[in-house]
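Close look at the chain arrangement
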Amino acid sequence: MTSVNLTITARPSEACDTDLAKDPWEFAALAGYGPGASSADPIPRGAVRPGGLPPEYQGVPDAELHARIQAAKTALGDRVVVLGHFYQRDEVVAHADFVGDSYQLAQAALTRPDAEAIVFCGVHFMAETADILSAPEQKVLLPNLAAGCSMADMADSDSVEDCWEQLEELFAGEAAGDGLAPVIPVTYMNSSAALKAFCGRHGGIVCTSSNAKTVLEWAFARGRRVLFFPDQHLGRNTAKAMGVPLEQMPMWNPRQPLGGNTPEALRESRVILWHGFCSVHKRFTVEQIDRARAEYPGVKVIVHPECPMPVVDAADASGSTDVIRKAVDAAAPGDVLAIGTEINLVNRLAAENPDKTIFCLDPVICPCSTMYRIHPGYLAWCLESLIAGEAPNRILVDARTASDARVALERMLQARPS
């Protein structure tokens, strides 16, 4: 692995919480998102789930946990499939049967219909999606129930329902001669099952960073405008690249009437953006890109579309985690790449490509603190419990929500990027 550190000194207010280095069971049950990039985010009541781990799995040496996980997977065989998100720790990814982004893992969950259990090493909304798409008899387990997502929690179902009611009232007088709906709801995969169900009920769809452009094209073919939640940056960056002017993309603040907008601005809109964001990706700045270019002339900068628009505009390329991986694979030996996304993925790409210089744009390099809560101890506990006939931390979406959400998810799975 090529180790590169930009000569940037982080101010104390910019530094990651040192508690992030602790074992996750020490803070998993705290009333907050925990240390790291999302620790300063406001958290709605009930968003954090208990994250207990039996004491006999705490503090077990890494080598022993690795051996126990391997032995449990061997004993379970095809009865279990382990899914691992790109942002997971290396010691967790090492045991995953499938590794990918949320879009790829949603599809991977469908390829093992005979597995009795799906162990999802990701965050809560991902496990919900797997439960919705999997067979009714399959059990979906989330190793640590405290692995949530601050972005997903920024759009709750009550606020979105209230927004929808206001928009329906505002657009009620629009002529319907063109056959288009006044507004189509689009939710990012990083959202609760309840919001996916909302989209299913209202003619909407789910998107990921991999297929956001394709999904917006789908929505514009059916509606005059789109309500996009919860990530404002993915919505703005995608729509801007499609030619939608910024003045036609008002922001909806759920704490203000009409989201803080005038009726005229909403009527003239093409994409109404929810006031949400990713705690990790909002850390990337144009200044970081400028410093990377000054230190490494010829560097190629690639960022995730959850980054703020000025960062995406200043980068050489942007795309999903899978797009970033493919760009790294396509780079020539000796190339220098600065990447704006979660540090676990960046470090893994650097280790896999020792002939290239790869580093993270952010000198503080905070990981996704809730994704980081999945630890091998939790994975060992889930797998050994399955052998014992138990299914801890099972994620169950109620039948009505699952039915409506499945409609929006199936539309997403059919919206394949060209």
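Structure: see above.
What counts, and where the lines are drawn
Residues numbered from 1 in each chain as written. Predicted model: local features only at pLDDT ≥ 70, side-chain atom pairs only at ≥ 80, totals over all residues. Heavy atoms only, no water. Buried < 20%, exposed > 50% of the residue type's maximum accessible area, 1.4 Å probe, protein only. Helix = DSSP H or I, 4+ residues; strand = E, 2+ residues; numbered from the N terminus. Pairing = 2+ DSSP bridges. Right-handed = clockwise from strand over helix to strand, strands pointing away. Core = buried A, V, L, I, M, F, W, Y, C linked by side-chain atoms within 4.5 Å. Contact = heavy atoms within 4.5 Å. Axes fitted to C-alpha atoms, helices over the stretch in contact; angles between N-to-C directions. Polar contact = N/O pair within 3.5 Å; in protein donor to acceptor, adjacent residues only side chain to side chain.

**Some remarks on the pairing of strand S13 (residues 357-360)**
Where burial is concerned, the two faces of S13 agree: the one with Thr357 and Phe359 and the one with Ile358 and Cys360 are both buried. Where strand S12 (residues 336-340) meets S13, four bridges bridge the pair, whose relative direction is parallel. If you follow Ala338 over to S13, its bridge partner there is Phe359. Traced from S12 through helix H13 (residues 343-352) to S13, the parallel crossover comes out right-handed.

**Section: the nonpolar core**
Formed by 131 residues in total, the largest nonpolar core has its most connected members in Phe228, Leu383 and Met412. Examining the composition of this core, we find that seven residues originate from one element, helix H14 (residues 376-387), more than from any other. Beyond its immediate chain neighbours, meaning those up to four positions away, Met412 contacts Tyr103, Ala106, Met189, Ile205, Val206, Cys207, Thr208 and Asn211.

**Observations concerning the sheet that holds strand S1 (residues 80-85)**
Taken together, the four strands give an open sheet; going across it, the order is S2-S1-S3-S4, and neighbouring strands pair in parallel fashion. Two strands lie at the open edges of the sheet, namely strand S2 (98-100) and strand S4 (139-141), each paired on one side alone. Taking the axes of each pair of neighbouring strands and ignoring which way they run, one obtains an average angle of 20 degrees across the sheet. Relative to strand S3 (residues 117-121), S1 runs parallel, the two being bridged by five bridges. Following the sheet pairing, Leu83 is matched in S3 by Phe120. The strands touched by H14 within the sheet are S1, S3 and S4, with S3 carrying the most contacts at an inclination of about 175 degrees.

**Some thoughts on the side chain of Thr341**
Turning to its location among the elements, Thr341 is positioned in the loop between S12 and H13. A distance of 2.9 Å separates polar atoms of two side chains, one belonging to Thr341 and the other to Tyr87. Polar side-chain contacts of Thr341 include one of 2.9 Å to the side chain of His281. Apart from the residues within four sequence positions on either side, Thr341 is in contact with Tyr87, His281, Phe284, His304, Thr321, Ile324, Val346 and Cys360.

Interpretation in functional terms is not warranted from these geometric data alone.
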